[in-house]
Amino acid sequence: MPIPETALLSDLNDRSREVFRRVVETYLATGDPVGSRTLTRELSEKLSAATIRNVMQDLELLGLLDHPHISAGRMPTQLGLRLFVDGLMEAGPVSASDREMIDETLGDDSRDTGTMLDRVSTALSALTHGASLVLMPKQEAPVRHIEFVSLAPDRALVVLVFADGRVENRVFNPPPGHTASSMREAANFLNAVAEGRTLAELRRSVAHEIEASRQKLDSMAAVLISSGLALWEGESSDPRLIVRGRANLLEHELADLDRIRTLFDDLERKRDIAEFLELAEQGEGVRIFIGSENKLFSLSGSSLVVSPYMNADRKIVGAVGVIGPTRLNYGRIVPIVDYTAQLVGRLISGRKG
């Protein structure tokens, strides 16, 4: 039966704890295994290299440290990183320079939420040198108008105009043999029942409305309606996840290119968006997923730092996060993600300051 992390930490004496902390901090800063001679110059207590090696061997037996080969120094295991993050990491407030860059990014009081959150994602990627993830809030404005436009025999466009002035354009595959007449009839039907309803409400009621009005619609129009609305249900067409800075992940010397490509594929497909929000909803504040704890993406050698943001009703409506190698500067990135999430929440809610 594995030893609980809290017990592992409490069982370490002061000397072991300091050696462990220094190994992790040095590894996170350099990316290189840490040798005993390096630590002799950094520890507050003057210890011989032989004594430090013994302590590091004990930490390795506990599963907190590992070494790539016999003559190399030590580096933290996934368990070691988790223990460090939960019990030893000192995450102070976001630095003045980081705060200034985030504030400048969000300084434009744009009414376009998508544009604002795209800037947030770009800023997070630039600040952290990782890939940034921003989950946009669900749009709840009522639908004002719907229109279908044929682009090709197998492609069509649905245009949705919302009561708040926002316009969404989405391409979808209409049923074979659709006609301009069936598209107009579908749009007229939806516009007649859409007034005052959000997309979610419209999607729930349209099946009932179609059944009640089936005699008024030919079968082609009914299928076209279903095709157009299905566009908003599937994860593959959900536009809520913004990803920036994928190329940053390729700059790390230890990157496994095959796993990086798998991650890219996952992000491009915007897979598991609902789970991304679910991860954030499991508790307020920043959450950290290290290595194989990160079930969201196929790249098990990554870390995800994510925090939810709330609307004016204190309801979680989205999330911001950073993904990168396990060798992240957690002490710096955690306050950046936390500050950004709180600021986005205030802007989404219309609260300033």
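As annotated in an unreviewed UniProt entry, the protein chain carries the name Heat-inducible transcription repressor HrcA and comes from Paracoccus methylovorus. According to the UniProt record, the Sequence similarities (unreviewed entry) comment for the protein chain reads "Belongs to the HrcA family."

The secondary structure content of the protein chain amounts to 13 helices and 10 strands. Among the 353 residues that make up the protein chain, the fraction classed as buried is 46%. Long-range pairs, those at least 24 residues apart, make up 62% of the contacts in the protein chain with a sequence separation of at least 6. For the protein chain, the computed accessible surface area is about 17,800 Å², with 49% contributed by carbon and sulfur atoms.

On to the sheet that holds strand β5 (residues 155–162), then. Judged by pairing direction, the sheet is antiparallel, and its 3 strands sit side by side in the order β4-β5-β6 without closing on themselves. Each edge of the sheet is formed by a strand with only one pairing partner; in this case those strands are β4 (143–152) and β6 (167–172). Shown here is a sheet whose adjacent strand axes are inclined to one another by a mean of 15°, direction ignored. Across the sheet, helix α8 (residues 180–194) touches β4 and β5, and the angle it forms with β4 is around 165°.

Here we come to the pattern of salt bridges. This model, assessed by the stated rule, comprises 5 salt bridges. A salt bridge links E25 to R21; the nearest nitrogen and oxygen atoms lie 3.3 Å apart. Residue E25 and its partner R21 are both found in helix α2 (residues 14–30); the two are separated by 4 residues, about one turn of the helix. Note on E25: relative accessible area 33%, which makes it partly exposed. Looking at R21, the relative accessible area reads 23%, which means it is partly exposed.

Once that is clear, we can look at the sheet that holds strand β3 (residues 131–135). Two orientations exist for strands paired in a sheet by backbone hydrogen bonds: parallel and antiparallel. An order of β7-β3-β10-β9-β8 is seen for the 5 strands of this open sheet, with the pairing classed as antiparallel. If you trace the sheet from one side to the other, it starts and ends with β7 (241–244) and β8 (287–290), each paired once. Direction aside, neighbouring strands of the sheet carry axes that sit 15° apart on average. Helix α13 (residues 330–349) contacts β8, β9 (302–310) and β10 (316–325) of the sheet and is inclined by roughly 25° relative to β9.

Before going further, it helps to spend a moment on the pairing of β4. As paired strands, β4 and β5 are joined by 8 bridges and run antiparallel to one another. Bridge assignment links V143 to a residue of β5, and that residue is F162. The loop that links β4 with its antiparallel partner β5 comprises 2 residues.

The next point concerns the packing of helix α7 (residues 113–128) against α13. In contact at an axis separation of 11 Å, α7 and α13 are set at 170° when each is read in the N-to-C sense. When the axis of α7 is compared with that of α13, the two are roughly antiparallel. Counted together, T113, M116, L117, V120, L124, L127 and T128 of α7 and R332, I333, I336, T340, V344, L347 and I348 of α13 form the full contact between these two elements. In terms of residue class, the contact of α7 with α13 is built from 10 nonpolar, 3 polar and 1 charged.

About the thresholds
- Residues numbered from 1 in each chain as written.
- Predicted model: local features only at pLDDT ≥ 70, side-chain atom pairs only at ≥ 80, totals over all residues.
- Heavy atoms only, no water.
- UniProt positions renumbered as here; feature names shortened; annotations may be inferred.
- Helix = DSSP H or I, 4+ residues; strand = E, 2+ residues; numbered from the N terminus.
- Buried < 20%, exposed > 50% of the residue type's maximum accessible area, 1.4 Å probe, protein only.
- Contact = heavy atoms within 4.5 Å.
- Areas by Shrake-Rupley, 256 points an atom, 1.4 Å probe, with all protein chains shown as cover.
- Pairing = 2+ DSSP bridges.
- Axes fitted to C-alpha atoms, helices over the stretch in contact; angles between N-to-C directions.
- Salt bridge = Lys/Arg side-chain N within 4 Å of Asp/Glu carboxyl O.
- Parallel < 35°, antiparallel > 145°, perpendicular 65-115°, else oblique.
- Nonpolar A, V, L, I, M, F, W, Y, C, P; charged D, E, K, R; others polar.

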